[in-house]
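So the chains spell out like this:
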Amino acid sequence: MELDLLEYKPDPRDAMDGRTVYFYMDGTIADLYGVPNVFQRLDNNDATAYRDAAPIPEYVNMMHQFKEMGYRIGIITAGSRFPPNTPRDVKDKMNEETEANKIEWLKDKGLWGIIDTFQFVPYGTSKYEVAEDKTGILVDDEDKVLNQWFSDRIKAVNKNKAIH
């Protein structure tokens, strides 16, 4: 069931049971798509684009609210996308740098300390398959990803990018 961000009323019993709220980073808590020339930078194996993203306040605030209610906070985030025919060693190096930049971003934004679990997965990996808590809630901006999540989910929409 997809949940409306504004209408979702967490059940305190879920927090007591150790339920996890998973947040995706790119386009959900981090405005990666607002970084100038982001796709050109990624295609040129520039992982600093992940570090340069601005936080998306409504979802960063949501992380804090869920944490204050006693929920576990999880991050499931993916490695970079690559142009076709990218050599394996280039992909490996870029993914190492991507993970390091994402962790640095979380630390710089003061979020690392509230995260209970951090999972960095290859681009295209099913988030549900790797989630430790299969009853967890996923907050993500992509319909395709949300449709593969078999528990509660919240569609993240960057209000600055929403079409009215």
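Reading the values: the criteria
Residues numbered from 1 in each chain as written. Predicted model: local features only at pLDDT ≥ 70, side-chain atom pairs only at ≥ 80, totals over all residues. Heavy atoms only, no water. pLDDT = per-residue confidence, 0-100. Helix = DSSP H or I, 4+ residues; strand = E, 2+ residues; numbered from the N terminus. Contact = heavy atoms within 4.5 Å. Phe/Tyr/Trp six-rings, centres within 6.5 Å; stacked < 30°, edge-to-face > 60°. Buried < 20%, exposed > 50% of the residue type's maximum accessible area, 1.4 Å probe, protein only. Lys NZ or Arg CZ within 6 Å of the ring centre and 35° of its normal. 1 Å grid on protein atoms, 1.4 Å probe; cavity = no way out; pocket = protein on both sides within 12 Å on 5 of 7 lines; lining within 4 Å. Points joined across faces, edges and corners; volume = space filled by probe spheres on them. Nonpolar A, V, L, I, M, F, W, Y, C, P; charged D, E, K, R; others polar. Polar contact = N/O pair within 3.5 Å; in protein donor to acceptor, adjacent residues only side chain to side chain.

### Digging into the confidence of the model for the protein chain
Here's step 1: Residues at a pLDDT of 70 or more form 86% of the protein chain, whose mean pLDDT is 87.
Here's step 2: Element-level pLDDT for the protein chain is lowest in strand 1 (residues 2-3), with a mean of 44, against a maximum mean of 97 in strand 4 (residues 54-55).
Here's step 3: Scored below 50 in pLDDT, residues 1-6 makes 14 contacts in the model with residues more than four places away or belonging to other chains.

### Overview of the packing of aromatic side chains
Here's step 1: In the structure shown here, the tally under the stated rule is 6 aromatic pairs.
Here's step 2: Seen from their ring centres, Phe66 and Tyr71 are 5.1 Å apart, and the 80° between their planes marks the pair as edge-to-face.
Here's step 3: The class for Phe66 is buried, based on a relative accessible area of 3%.
Here's step 4: Here the aromatic rings of Tyr128 and Trp149 are separated by 5.3 Å at their centres, their planes lie at 90°, and the arrangement is edge-to-face. Here Trp149 lies in the loop between helix 7 (143-147) and strand 8 (153-155) and Tyr128 lies in helix 6 (residues 127-130), a separation of 21 residues in the sequence.
Here's step 5: Taken together, the ring pairs in this structure connect Tyr22, Tyr128, Trp149 and Phe150 into an aromatic cluster.
Here's step 6: Lys107 extends its terminal NZ or CZ atom over the ring of Trp112, reaching a point 5.6 Å from the ring centre.
Here's step 7: The ring of Tyr24 carries the charged tip of Lys127 above its face, separated from the ring centre by 4.0 Å.

### Re the layout of surface pockets
Here's step 1: Of the volumes computed, that of the largest pocket is approximately 340 Å³.
Here's step 2: Elements with a minimum of two residues in the lining of the largest pocket: helix 2 (38-43) and helix 7.
Here's step 3: Its residues assigned to classes, the lining of the largest pocket shows 10 nonpolar, 6 polar and 5 charged.

### Examining the side chain of Asp26
Here's step 1: Along the polypeptide, Asp26 turns up in the loop between strand 2 (20-23) and strand 3 (30-31).
Here's step 2: When its relative accessible area of 5% is taken as the criterion, Asp26 is described as buried.
Here's step 3: Engagement of the side chain of Asp26 in a polar contact is seen with the side chain of Lys102, the distance being 2.9 Å.
Here's step 4: Those residues in contact with Asp26 that lie beyond four places of it in its chain are Leu32, Tyr33, Tyr50, Thr77, Ala78, Lys102 and Asp141.

### Some details on the side chain of Asp140
Here's step 1: Residue placement: Asp140 occurs in strand 7 (residues 137-140).
Here's step 2: Side-chain polar atoms of Asp140 contact the backbone nitrogen of Glu142, separated by 2.9 Å.
Here's step 3: In this structure Asp140 touches Tyr24, Thr28, Lys127, Val145, Leu146, Ile154, Lys155 and Ala156, once residues within four positions along its chain are discounted.

### Some remarks on unusual backbone geometry
Here's step 1: Positive phi, close to 55°, is recorded for Asn37, a residue that is not glycine.
Here's step 2: Counting through the fold element by element, Asn37 comes out in the loop between strand 3 and helix 2.
Here's step 3: Residue Asn37 is classed as exposed on the basis of its relative accessible area of 53%.
Here's step 4: Residue Asn85 is not a glycine yet carries a positive backbone phi of 65°.

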